[in-house]
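The lines below spell out each chain.
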Amino acid sequence: MSNKKFHIRKGDTVYVNAGEDKGKTGKVVRVLVKENRAVVEGVNIVTKSQKPSAKNPQGGFVKVEAPVHISNLNPVDPKTGKPTRIGRRRNEAGKLVRYAKKSGQEIK
C-alpha cells in the first residue's frame, strides 16, 4: 500500500488551471486518492439521470460535481488569493507543514 502525499487536502481553496472550468476557484469537498482526483465545489458540474427513489420520488436529472484530476488544481495562496505551488517544511514545533511557495505563508 502506497502512502500518497498530495498538495491538496479536503477543505483547501483551489484554482482550476486546465479544462472547461479553467480559471474558477472552489473548495475541495473530497479527495479520491486512488483515482488521483478531487471533487471541487461548483466545478465540473455534470448532469446525471437518477431513478426514482425514496429520497427523490420523482427521479429525473440532477446536477452533481464530478471529480477533477489533481494535476489540474493549484492551491490558492492565502496572502494574495492567487494560485501557488506548495512546499513542505518543519515549523517551530517541529511539525511538518505546507507552505505557499509564492508568499512563504503557511497553509492551514
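Model, not experiment: these values are computed from the prediction.

A. Representation of the overall build of the chain within the structure. For the chain, the helix and strand inventory stands at zero helices and 10 strands. Each helix (α) and strand (β) of the chain, taken in turn from the N terminus, gives the series β-β-β-β-β-β-β-β-β-β. In terms of overall size, the chain is more extended than a compact globule, its C-alpha atoms giving a radius of gyration of 17 Å where 108 residues would be expected to give roughly 13 Å. Seen through its C-alpha atoms, the chain measures out along the principal axes to roughly 55 × 35 × 20 Å. When the accessible area of the chain is evaluated, it comes to approximately 7,700 Å², of which 49% is carbon and sulfur surface.

B. Broad picture of unusual backbone geometry. Even without a glycine there, the phi angle at Asn36 is positive, about 55°. Relative to the assigned elements, Asn36 resides in the loop between strand 2 (25-32) and strand 3 (37-40). Here Asn36 falls in the partly exposed class, since its relative accessible area comes to 24%.

C. Representation of the layout of surface pockets within the structure. Taken as a whole, the largest pocket encloses approximately 320 Å³ of empty space. Lining the largest pocket are 15 residues, with Lys5, Phe6, Arg9, Arg88 and Arg98 positioned closest to its centre. Residue assignment for the lining of the largest pocket shows that the elements contributing at least two residues are strand 9 (96-100) and strand 10 (106-107). The biggest single contributor to the lining of the largest pocket is strand 9, with three residues. The residue inventory of the lining of the largest pocket, partitioned by class, reads seven nonpolar, no polar and eight charged.

D. Highlighting the pattern of salt bridges. Inspection of every chain in the model, using the stated rule, returns three salt bridges. As a salt-bridge pair, Arg98 and Asp12 come within 2.9 Å of each other at their nearest N and O atoms. In this pair, Arg98 sits in strand 9 while Asp12 sits in the segment before strand 1 (13-16), placing the two residues 86 residues apart along the sequence. The same class applies to Arg98 and to Asp12, which are both buried. When the shortest N-O distance is used, the salt bridge between Lys108 and Glu106 registers 3.5 Å.

E. Quick peek at the packing of aromatic side chains. This structure, assessed with the given rule, holds zero aromatic pairs. Positioned over the ring face of Tyr99 is Arg89, at 4.1 Å from the centre of the ring.

Rules behind the numbers
Residues numbered from 1 in each chain as written. Predicted model: local features only at pLDDT ≥ 70, side-chain atom pairs only at ≥ 80, totals over all residues. Heavy atoms only, no water. Helix = DSSP H or I, 4+ residues; strand = E, 2+ residues; numbered from the N terminus. Rg over C-alpha atoms; globule rule 2.2 N^0.38 Å. Areas by Shrake-Rupley, 256 points an atom, 1.4 Å probe, with all protein chains shown as cover. Buried < 20%, exposed > 50% of the residue type's maximum accessible area, 1.4 Å probe, protein only. 1 Å grid on protein atoms, 1.4 Å probe; cavity = no way out; pocket = protein on both sides within 12 Å on 5 of 7 lines; lining within 4 Å. Points joined across faces, edges and corners; volume = space filled by probe spheres on them. Nonpolar A, V, L, I, M, F, W, Y, C, P; charged D, E, K, R; others polar. Salt bridge = Lys/Arg side-chain N within 4 Å of Asp/Glu carboxyl O. Phe/Tyr/Trp six-rings, centres within 6.5 Å; stacked < 30°, edge-to-face > 60°. Lys NZ or Arg CZ within 6 Å of the ring centre and 35° of its normal.

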